[in-house]
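The primary structure of each chain is shown beneath.
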Amino acid sequence: MAAYVKAHPATRLALALLLAGAAMPVAAQDTQATRWHDTARTIMEKSVAFDTVQGHDKVPAYAAYLAGLYKDPGIPEADIHILPYGKTANLVVRWRAVGKPSKKPMLMLAHMDVVPADASDWGGHDPFKLREENGLLYGRGVSDNKAGIVGITTALLKLKAEGFKPGRDLIVFFSGDEETEGDGAKLAATKWRNLIDAEFGLNSDGGGGSSRADGTVEGFDIQLAEKTYADFEFLVRNDGGHSSRPRPDNAIYQLSDALTRLSQYRFAPVLVESTRAYFTERQKAEQGALGNAMRAWLKNPQDGAAADLVEAEEVGMTRTRCVATMLNGGRAPNALPQLARAVVNCRIMPGVEPETIRKELEKIALDPNGKAQIEVKQIGTSQMSLASPLRADVMKAYTDTVHALHPGVPVIPRMSTGASDARPFRNAGIPVYGVNGSVSAPAGSNAHGKNERLPLKSLHNNVDHWVLLLRKLAG
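Let me begin by describing the structure that accompanies this report. Positions within a chain are numbered from 1, following the residues in the order the chain's sequence is written. Owing to the predicted nature of the model, reporting of local features is limited to residues with pLDDT of at least 70; listing and counting of side-chain atom pairs is limited to 80 or more, with chain, interface and lining totals taken over all residues. Values reported for side chains reflect all heavy atoms of the structure, with hydrogen atoms and water molecules removed beforehand.

### Considering the overall build of the protein
- Working definition: helices are DSSP H or I runs of at least four residues, strands are E runs of at least two. Numbering for both runs from the N terminus. Each helix and strand counted, the protein has 14 helices and 18 strands in total.
- When we talk radius of gyration, it's over C-alpha atoms, and the globule rule is simply 2.2 Å times the number of residues to the 0.38. A compact globule built from 475 residues would reach a C-alpha radius of gyration of about 23 Å, and the protein, at 25 Å, matches this within 12%.
- Taken along its principal axes, the extent of the C-alpha atoms in the protein is 85 × 50 × 45 Å.
- Accessible surface area values rest on a Shrake-Rupley calculation with a 1.4 Å probe, where residue burial reflects the displayed protein chains alone. If you sum the accessible surface of the protein, you get close to 21100 Å²; carbon and sulfur atoms cover 52% of it.
- Positive charges are assigned to Lys and Arg, negative charges to Asp and Glu, while His and the chain termini are left out of the count. Charged side chains are reduced to one point each, which is NZ for Lys, CZ for Arg, CG for Asp and CD for Glu. Measuring between centres, the 56 positive side-chain charges of the protein sit 3 Å from its 53 negative side-chain charges.

### Some points on the nonpolar core
- One finds Leu91, Phe174 and Leu202 to be the most contacted residues of the largest nonpolar core, which totals 66 residues.
- By the convention used here, residues are in contact when the closest approach between their heavy atoms is within 4.5 Å. With residues up to four places along the chain from it excluded, the contact list for Leu202 reads Met106, Leu107, Met108, Leu109, Val394, Tyr433, Val435, Trp466, Leu469, Leu470 and Leu473. Residues enter a nonpolar core if they are buried and are Ala, Val, Leu, Ile, Met, Phe, Trp, Tyr or Cys, with the set joined through side-chain atoms within 4.5 Å. Burial classification: accessible surface area is computed with a 1.4 Å probe over protein chains only, and a residue below 20% of its type maximum counts as buried, one above 50% as exposed, and the rest as partly exposed.

### Observations regarding the sheet that holds strand S10 (residues 228-237)
- In space, the 4 strands of this open sheet follow the order S12-S14-S10-S15, with antiparallel pairing throughout. Each having just a single partner strand, strand S12 (321-329) and strand S15 (374-379) make up the two edges of the open sheet. Strand-to-strand twist in this sheet, taken as the mean axis angle between neighbours without regard to direction, amounts to 25 degrees.
- Alignment of S10 against S15, held across 6 bridges, turns out to be antiparallel. Each residue of the ladder has a partner; that of Glu233, found in S15, is Lys377. DSSP-based pairing: two strands are paired if at least 2 bridges between them are found. Axes here refer to lines fitted to C-alpha atoms; in helices the fit is confined to the stretch in contact. Angles between the N-to-C directions go from 0 to 180 degrees.

### Focus on the sheet that holds strand S18 (residues 453-455)
- Read across the open sheet, the 3 strands follow the order S4-S5-S18; overall the sheet is antiparallel. Looking at the sheet topology across the chains shown, the edges are occupied by strand S4 (131-133) and S18. Ignoring strand direction, the axes of neighbouring strands in this sheet form an average angle of 30 degrees.
- Bridge count between strand S5 (residues 136-138) and S18: 3 bridges; the pairing is antiparallel. Paired with Tyr138 across the two strands is Arg453, which belongs to S18.
- Seen against the sheet, helix H14 (residues 456-474) touches S4, S5 and S18 and runs at an angle of roughly 70 degrees to S18.

### Observations regarding the pairing of strand S3 (residues 106-111)
- Burial of S3 is extensive: 6 of the 6 residues sit out of reach of the surface.
- Here S3 shows two buried faces, one formed by Met106, Met108 and Ala110 and the other by Leu107, Leu109 and His111.
- In terms of strand pairing, S3 meets strand S7 (residues 200-203) through 4 bridges, oriented parallel. Counted as the bridge partner of Leu107 is Gly201 from S7.

### Focus on the pattern of salt bridges
- Think of a salt bridge as a Lys or Arg side-chain nitrogen and an Asp or Glu carboxyl oxygen that are within 4 Å of each other. Taken as a whole and assessed by the stated rule, the structure comprises 28 salt bridges.
- Notably, a salt bridge pairs Glu199 with Arg168, separated by 2.7 Å at the nearest N-O pair. With Glu199 in the loop between helix H6 (193-196) and S7 and Arg168 in the loop between helix H4 (146-161) and strand S6 (170-175), this residue pair connects regions lying 31 residues apart in the sequence.
- Since its relative accessible area comes to 3%, Arg168 is described here as buried.
- Of the charged contacts in the structure, one is a salt bridge between Arg358 and Glu355, with a shortest N-O distance of 3.0 Å. Highlighted residues: Arg358 and Glu355, both in helix H11 (residues 354-365), separated by 3 residues, approximately one helical turn.
- Judged by its relative accessible area of 14%, Arg358 is buried.

### Examining the packing of helix H12 (residues 392-405) against H14
- Running from N to C, H12 and H14 point in directions that differ by 140 degrees, and their axes come no closer than 9 Å. As far as their axial angle goes, H14 and H12 are oblique. The interaxial crossing formed by H12 with H14 has right-handed handedness. Of the residues in H14, those in contact with Asp393, Val394, Ala397, Tyr398, Asp400, Thr401, Val402, Ala404 and Leu405 of H12 are Asn461, Asp464, His465, Leu468, Leu469, Lys472 and Leu473.
- Note on residue categories: nonpolar means Ala, Val, Leu, Ile, Met, Phe, Trp, Tyr, Cys or Pro, charged means Asp, Glu, Lys or Arg, and polar means any other residue, Gly included. Classifying every residue of the contact of H12 with H14 gives 9 nonpolar, 3 polar and 4 charged. Should an angle fall under 35 degrees it is taken as roughly parallel, and over 145 as roughly antiparallel, whereas 65 to 115 is taken as roughly perpendicular and any remaining angle as oblique. What makes a crossing left-handed is the near helix being turned counterclockwise from the far one by less than a right angle; a clockwise turn instead makes it right-handed.

Okay, here's the thing in structure tokens:
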């Protein structure tokens, strides 16, 4: 059933003024653009105020606020869906093509939830109250990923006000638990597939621009793939005993030895389409030892020494990486441990099954002397990540859009080492491309950390970016 709430009266008034301004003459275009930028800032301020951390149960209310924004310019109630699951929800909105669509639907992705934040870590500032200092916006989610929500939403409202007539259905998908279980995207790709089925998707939670120390734009990435996230457990058991009579098969020592072997192990390097495209572009501007290593590895993917040099600088981009992240063992200070356990987190290259890596970890953990029995098992389940093909029309539209706003900067395909909502859609046959239009602050966005930030200019540019990109791909 479709669900929505009406926008706050102040928001309705602002949108009405903007809609009225859409017919203004060309001479007033700059003023009109400023109004849409101001609208984006207002939506961001309201968005940050929704504490959408898991367990705080504010995502449905945030979804309702956003649904109201989409209803105001005339998207029918029947095409606005708030889809609850657990204590959170997805939002799906469809702007239908005028007449018979000339192309298949296009999906736009973002996520409404954020990671926890506390004022005590933010210098006493409330992380759920937007603040502006020296041209930077601070607040939980301003970068990850409410910037995507605001950019997509404001762009669509602007296009609607200008009378844009899409040649294909435009489908908005905002999930409610990307930062935790990721069930929203999985459900959308399966249970609610009829609502989101599209030729391809554009993900605001991937790609984007980086800046130099002086604030100038360094370049943009378009995300084609991401690694598979998987957790594994190393477990050692024995009979233990009294600490006054140590035994040679101490479970903690045996686990420690296995983790040392893991720390020294290097998974085989591998080039996939996205990383080959990335390093092909990167090596053009890279000089010295790193540039030489990139060129050597591209020429010979079996050159492990060259790949190791690349990996030292481009961590996680050349191979699967696994690292110990949690550790516990023993029951009492005066008793030999009967159990020692470590959690090993892996980020696996696209197209590789987690079970393949589990078997490799099992070999790493194996005691070469055969005295330690170390169990290696996967914690929970994890779906293998597939890559999106390098699609020419999306690549051109993204590159042209970036160059319209940032002339001449490089635009490079990339594989993300982290994870997003894109994976379930890619695995369900809907290719997804990370096409964020924001440029991070010179010191980084500090997403997931204290004082998460986004340049105000990037908020504005991101709106313009999505307007241009949607015109190119949906016109």
